[in-house]
Amino acid sequence: MLLTITTTRYPATDLGYLLHKHPAKVQTFPFTAGDAHVFYPEATEEKCTAALLLDLDPVKLTRKSGPGSNDFALEPYVNDRPYVASSFMSAAISQAFSSAMNGRCKDKPELVEIAFPFEVSLSVLPVNGGEPLLRNLFEPLGYEVSVQSFPLDTQYPAWGQSRYFQVTLKHTLPLRLLLSQLYVLMPVCDNDKHYFVGEHEIEKLMEKGREWLENHPARELITRRYLKHLGPLTRQALSIIMKDEDVPEPERLPAEKIRLHDLRLQTVRDLLLEHNVSSVADMGCGEGKLLKLLMEKSAFSRILGMDVSYHALEIAREKLKLDRLPELQKKRIGLIQGSLAYKDKRLSGFEAATLVEVIEHLDMPRLAVLEKVVFEYARPQLVIITTVNAEYNVKYEALSAGAFRHKDHRFEWTRAEFESWANKVATQFGYTVVFKPLGDYDEAVGAPSQLALFSIAAA
């Protein structure tokens, strides 16, 4: 499936700065089920087009069907997922254009809020509800919508039209807003998602829809479909969206109602589900809070928790009730004592590794050892690392200037420092990396925590 974004605002090559993708390069972002390629078919000062091509592997899709898949027995083998712009395309936008969607442009920050004239082409978009629904979703937001429908079968015209459309959208708006609206509305058109939908999806909907969803005439339909018609989640989200306008904005965001550490863990779990991961090593598992979240999901068939503290592992063992689990459940999870300062073959063979608020507890000289242990020796397909954002410390009134948030922290990085380190690691060990803020976002200092998602780069 193919998404193209074209602008004619002079100089049109500013699109490359906004997307953080050089027009002269082809970049590939691997997924568990395939690859996303970013390239520029045209890049002149008069006209610039960025293309996102998603190449899914049907065999990998079948092997990684995961939770939430259709109950129809042949669905993993007979489906349209490799060929249509669905939630896979939304995930690709989030991964490939993360900085642009979050309103960050390092080299030309003044471009972020400028409204560009854009023409977006989607090949091909499934719309469960046909052209009327498609127009009801995009036209209230100011888009000029052009569609080309396709017959269900050219040999049998009487069967009518299919639910698939070639879609062209034209609008003048900031790029970050365009990407956020596409991210939400593509799976809404499809009325399906390829990954597990939990409470964290409410936060994502509130974040991506905060400037437009509240006043959209189809907000209830959008909310229901985005949350896969899950009643409790839909009611919770609508209760937030539909509150009176005089309610202060911070009170309306679910991110304020959840502890930051719980938000981190839920985000990590949801990313693992989104990438259809089945085996996970939580390196620095502590008392097992993330392990407990993973154990609740049948998608994770092999889970390992490792920590240097034997005491923490004993607490984790008790909280997870390992001694009382059924035999099949016991086989899913293991706890080991170990250190990320040493090569450990027990960490090999996992699809993903997680390090939640771990790296800041290491002395800087040991960080280079951790890099080799995780990215060279264990070498999972996916690595998720979270750490605090030092810039946000000024928001904590009880924290004196220059102090760390925890007495055991050896360092705390700014966003630029974390991204610099992560990009260096990715380049050194053959990974790609994208970043995500965690928690209530402040325009001046960012979010309280930050996440890096590493994926093995395509050969």
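Residues numbered from 1 in each chain as written. Predicted model: local features only at pLDDT ≥ 70, side-chain atom pairs only at ≥ 80, totals over all residues. Heavy atoms only, no water.

Novice: I would appreciate a short explanation of the packing of aromatic side chains in the present structure.
Specialist: The geometry of an aromatic ring pair is captured by the separation of the ring centres together with the interplanar angle, meaning the angle of the planes. For the structure on display, the rule yields 11 aromatic pairs. Pairing Phe138 with Tyr143 gives two aromatic rings, centres 5.4 Å apart and planes at 90°, and the pair type is edge-to-face. Summarising the aromatic geometry, the rings of Phe418 and Trp421 are spaced 6.2 Å apart at their centres and angled 20° between planes, so their arrangement reads as stacked. One end of the pair is Phe418 and the other is Trp421, both in helix α16 (residues 415–429) and three residues apart, which spans about a single turn. Here the aromatic cluster, defined as three or more aromatic residues joined through ring pairs, consists of Phe411, Trp413, Phe418, Trp421 and Phe435. Sitting above the plane of the Phe116 ring, Arg9 keeps its charged end 4.7 Å from the centroid. Above the face of the Tyr183 ring, Lys208 is positioned so that its terminal group lies 5.1 Å from the ring centre. (Phe/Tyr/Trp six-rings, centres within 6.5 Å; stacked < 30°, edge-to-face > 60°. Helix = DSSP H or I, 4+ residues; strand = E, 2+ residues; numbered from the N terminus. Lys NZ or Arg CZ within 6 Å of the ring centre and 35° of its normal.)

Novice: Looking at this structure, I do not really get the sheet that holds strand β10 (residues 333–337). What am I missing?
Specialist: Strand pairing in a sheet relies on backbone hydrogen bonds. The paired strands run either parallel or antiparallel. Here we have seven strands laid out as an open sheet, ordered β10-β9-β8-β11-β12-β14-β13, and mixed in their pairing. Looking along the sheet, the strands with just one partner apiece sit at the ends: β10 and β13 (431–438). Adjacent strand axes in the sheet meet at a mean angle of 15° when their direction is disregarded. Note: β13 against strand β14 (residues 449–456), eight bridges, orientation antiparallel. (Pairing = 2+ DSSP bridges. Axes fitted to C-alpha atoms, helices over the stretch in contact; angles between N-to-C directions.)

Novice: What is the right way to look at the environment of Glu139 in this model?
Specialist: Looking at where Glu139 falls in the secondary structure, it is placed in the loop between α5 (130–138) and β6 (144–151). A relative accessible area of 38% means that Glu139 is categorised as partly exposed. Through-space distance from the C-alpha of Glu139 to that of Leu169 is 9.4 Å; in sequence the pair is 30 residues apart. One polar contact links Glu139 to Arg135, side chain to side chain, over a distance of 2.7 Å. (Buried < 20%, exposed > 50% of the residue type's maximum accessible area, 1.4 Å probe, protein only. Polar contact = N/O pair within 3.5 Å; in protein donor to acceptor, adjacent residues only side chain to side chain.)

Novice: Can you help me understand the nonpolar core in this one?
Specialist: Leu52, Ile93 and Phe138 are the most contacted members of the largest nonpolar core, which totals 75 residues. With 11 residues, the top contributor of residues to this core is helix α6 (residues 175–190). Leaving out residues up to four positions away in the same chain, Leu52 has contacts with Met1, Leu2, Leu3, Ala36, His37, Val38, Met89, Ala92, Ile93, Ala96 and Phe97. Counting residues in hydrophobic clusters, the runner-up holds 34 residues, among them Ile359, Val374, Val383 and Phe418. (Core = buried A, V, L, I, M, F, W, Y, C linked by side-chain atoms within 4.5 Å. Contact = heavy atoms within 4.5 Å.)

Novice: Would you mind showing me how to read the packing of helix α3 (residues 87–96) against α6 here?
Specialist: Think of two packed helices as two axes; the pair is described by the angle between the axes and how far apart they sit. For the pair α3 and α6, interaxial distance at closest approach is 8 Å and the crossing angle is 160°. Compared by their axis directions, α3 and α6 come out roughly antiparallel. Note on packing geometry: the crossing formed by α3 with α6 is left-handed. Across the interface between the two elements, Ser87, Met89, Ser90, Ile93 and Ser94 from α3 touch Leu179, Leu182, Tyr183, Met186 and Pro187 from α6. Each residue belonging to the contact of α3 with α6 can be placed in one class, and the counts come to seven nonpolar, three polar and no charged. (Parallel < 35°, antiparallel > 145°, perpendicular 65-115°, else oblique. Left-handed = near helix turned anticlockwise from the far one by under 90°. Nonpolar A, V, L, I, M, F, W, Y, C, P; charged D, E, K, R; others polar.)

Novice: Where do I start with helix α7 (residues 200–209) in this structure?
Specialist: Counting buried residues in α7 gives nine out of 10 residues, a clear majority hidden from the surface. Of the residues making up α7, those classed as buried are His200, Glu201, Ile202, Glu203, Lys204, Leu205, Met206, Lys208 and Gly209. At its buried positions, α7 is contacted by α4 (98–101), α6, α8 (219–226), α9 (231–241), α11 (260–274) and β13.

Novice: Which parts of the structure should I look at to understand the sheet that holds strand β7 (residues 161–173)?
Specialist: The seven strands lie next to each other as β2-β3-β4-β1-β5-β7-β6, forming an open sheet whose pairing is antiparallel. Two strands bound the open sheet, and with one partner strand each, they are β2 (27–31) and β6. Strand-to-strand twist across the sheet, computed as the mean angle between neighbouring axes with direction ignored, equals 15°. Of the strands in this sheet, β1 (2–7), β2, β3 (34–43) and β4 (48–56) touch α3, which is tilted by about 125° from β4.

Novice: Would you explain α5 in this entry?
Specialist: For an α-helix the count is 3.6 residues per turn, leaving residues at separations of three or four pointing the same way. All buried positions along α5 are accounted for by Gly130, Leu133, Leu134, Leu137 and Phe138. In an axial view of α5, the angular spread of the buried residues amounts to 120°, which keeps them on one side of the axis. (Arc of directions from axis to C-beta.)

Novice: How should unusual backbone geometry be read in this particular structure?
Specialist: Most peptide bonds adopt trans geometry, and most residues besides glycine take a negative phi value. Put simply, Tyr10 and Pro11 share a cis peptide bond, and its omega is -10°. Its location among the elements puts Pro11 in the loop between β1 and α1 (14–19). In this structure, the amide linkage connecting Ser123 to the following residue, Val124, adopts the cis form with an omega of -5°. For Val124, the position within the fold is in strand β5 (residues 116–126).

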